[in-house]
Amino acid sequence: MPRRWITTVACLLALVALACEGGGEAGPRPTRGTPQPGGSGGIAALGDSISTGFGSCLVLTSCERNSWSTGDGLRVRSLYRRLLDRDPDVRERAYNHARPGARAAALEEQARAAVRDRVDHVTVLIGANDACRSSIDDMTPVRQFRADVDRALRTLRAGRPKARVLVVSIPDLHRLWEVGHTDKRAVRAWRHGVCPSLLADATSNTPADRARRTAFRARINAYNSQLAAACKAYGSRCRYDGGAVHRVRFTLDLVNQLDWFHPNAAGQGRLADVAWDASGLAG
């Protein structure tokens with residue numbers, strides 16, 4: 001490979017790395033993962049790619065510094081950063097155990113990790129991948145979804161009984177189809193296998209496709225109902241967002257322009273605003 005090509009590739013990789021580190025933002029970064037004298041146990045994020053900040057940088061990969069929950073970058077005022085701002089003398093720690101592609105079945109292991117971290121705050125956002133399958137029949141049954149969530153919450157309650165748990169509703173993905181199915185860029189991206197149970201044949205208006213989207217929407221609503229019930233069963237240390245995140249009126253300017261599905265930095269910021277207001281931590 002010619003030397004000038006090597007140099008060009010190296011520069012491009014460096015630029016991408018900088019972008020995922022926050023686009024060249026200046027300023028001190030909060031300490032993450034290091035215990036601080038007198039500090040609390042910090043915060044942990046459980047869930048899927050939304051909580052990892054996936055696609056919120058310049059590439060389709062996790063960008064945890066932009067996470068609505070545990071991000072430590074300057075582009076998103078995450079719950080973690082708000083906890084720091086609320087009490088400057090407390091240096092919280094942040095751990096992100098969410099994983100792209102994770103379904104509710106993965107929550108229990110993530111909860112074990114949060115227990116090991118000895119955190120005092122836990123956020124849970126799960127369910128999009130349980131619904132975003134190859135077909136409606138492949139979606140996680142509602143009863144199984146609830147059982148998976150219950151196991152994770154029991155693990156948290158047993159290991160960190162005093163931790164405050166925030167369970168967040170699943171965003172309204174059907175709303176994304178509504179605002180995006182007339183946009184050629186979004187439709188083109190969705191053809192590459194993005195949430196096929198909802199977004200396949202996005203421009204089709206056949207009875208079968210309309211019925212599929214209706215069934216998808218109903219399943220998300222059912223999952224959200226189970227998230228609320230599971231949190232209620234957990235007890236007073238768990239708070240459900242009351243459907244606040246699901247009610248966010250997402251527009252295409254709040255999702256990245258690569259897969260037209262995952263929130264961009266602005267979308268992550270919007271999730272952080274709504275989750276913080278619903279968490280009860282602001283008061």
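Note that this is a predicted model, so its numbers are computed, not measured.

Draft legend 1. Structural view of a positive patch on the surface. The grouping of R86, K162, R164, R237 and R239 at the surface amounts to a positive patch. Mapped onto the secondary structure, R164 falls in strand β4 (residues 164–167). The class of R164 is partly exposed, set by a relative accessible area of 35%.

Draft legend 2. Structural context of the packing of helix α2 (residues 79–86) against helix α10 (residues 265–279). One way to put it is that α2 packs onto α10 with a least axis distance of 9 Å and a crossing angle of 55°. With respect to their mutual orientation, α2 and α10 come out oblique. Counted together, L79, R82 and L83 of α2 and G269, A272, D273, A275 and W276 of α10 form the full contact between these two elements. Across the contact of α2 with α10, the residue classes tally to five nonpolar, one polar and two charged.

Draft legend 3. Summary view of the sheet that holds strand β1 (residues 43–47). With respect to topology, five strands assemble into an open sheet ordered β2-β1-β3-β4-β5, the strand pairing being parallel. Two strands lie at the open edges of the sheet, namely β2 (94–96) and β5 (238–240), each paired on one side alone. Each strand of the sheet is rotated relative to its neighbour by a mean of 15°, with strand direction disregarded. Pairing of β1 with strand β3 (residues 121–125), which is carried by five bridges, proceeds in the parallel orientation. Each residue of the ladder has a partner; that of G47, found in β3, is L125. Contacting β4 and β5, helix α9 (residues 207–234) runs over the sheet at an angle of about 155° to β5.

Draft legend 4. Local environment of the packing of aromatic side chains. One pass over the structure, following the stated rule, counts one aromatic pair. On the basis of an interplanar angle of 20° and a centroid distance of 4.2 Å, the ring pair of F145 and Y223 is categorised as stacked. Of this pair, F145 sits in helix α5 (residues 142–159) while Y223 sits in helix α9; the two residues are 78 residues apart in sequence, bridging distant segments of the chain. Here Y223 falls in the buried class, since its relative accessible area comes to 0%. Looking at R157, its charged tip hangs above the ring of Y234, at a distance of 5.5 Å from the centre.

Conventions we followed
- Residues numbered from 1 in each chain as written.
- Predicted model: local features only at pLDDT ≥ 70, side-chain atom pairs only at ≥ 80, totals over all residues.
- Heavy atoms only, no water.
- Patch = residues over 30% accessible without salt bridge, like charges linked within 9 Å, V, L, I, M, F, W, Y side chains within 5 Å.
- Areas by Shrake-Rupley, 256 points an atom, 1.4 Å probe, with all protein chains shown as cover.
- Salt bridge = Lys/Arg side-chain N within 4 Å of Asp/Glu carboxyl O.
- Lys, Arg positive; Asp, Glu negative; His and termini not counted.
- Charge placed at Lys NZ, Arg CZ, Asp CG, Glu CD.
- Helix = DSSP H or I, 4+ residues; strand = E, 2+ residues; numbered from the N terminus.
- Buried < 20%, exposed > 50% of the residue type's maximum accessible area, 1.4 Å probe, protein only.
- Axes fitted to C-alpha atoms, helices over the stretch in contact; angles between N-to-C directions.
- Parallel < 35°, antiparallel > 145°, perpendicular 65-115°, else oblique.
- Contact = heavy atoms within 4.5 Å.
- Nonpolar A, V, L, I, M, F, W, Y, C, P; charged D, E, K, R; others polar.
- Pairing = 2+ DSSP bridges.
- Phe/Tyr/Trp six-rings, centres within 6.5 Å; stacked < 30°, edge-to-face > 60°.
- Lys NZ or Arg CZ within 6 Å of the ring centre and 35° of its normal.

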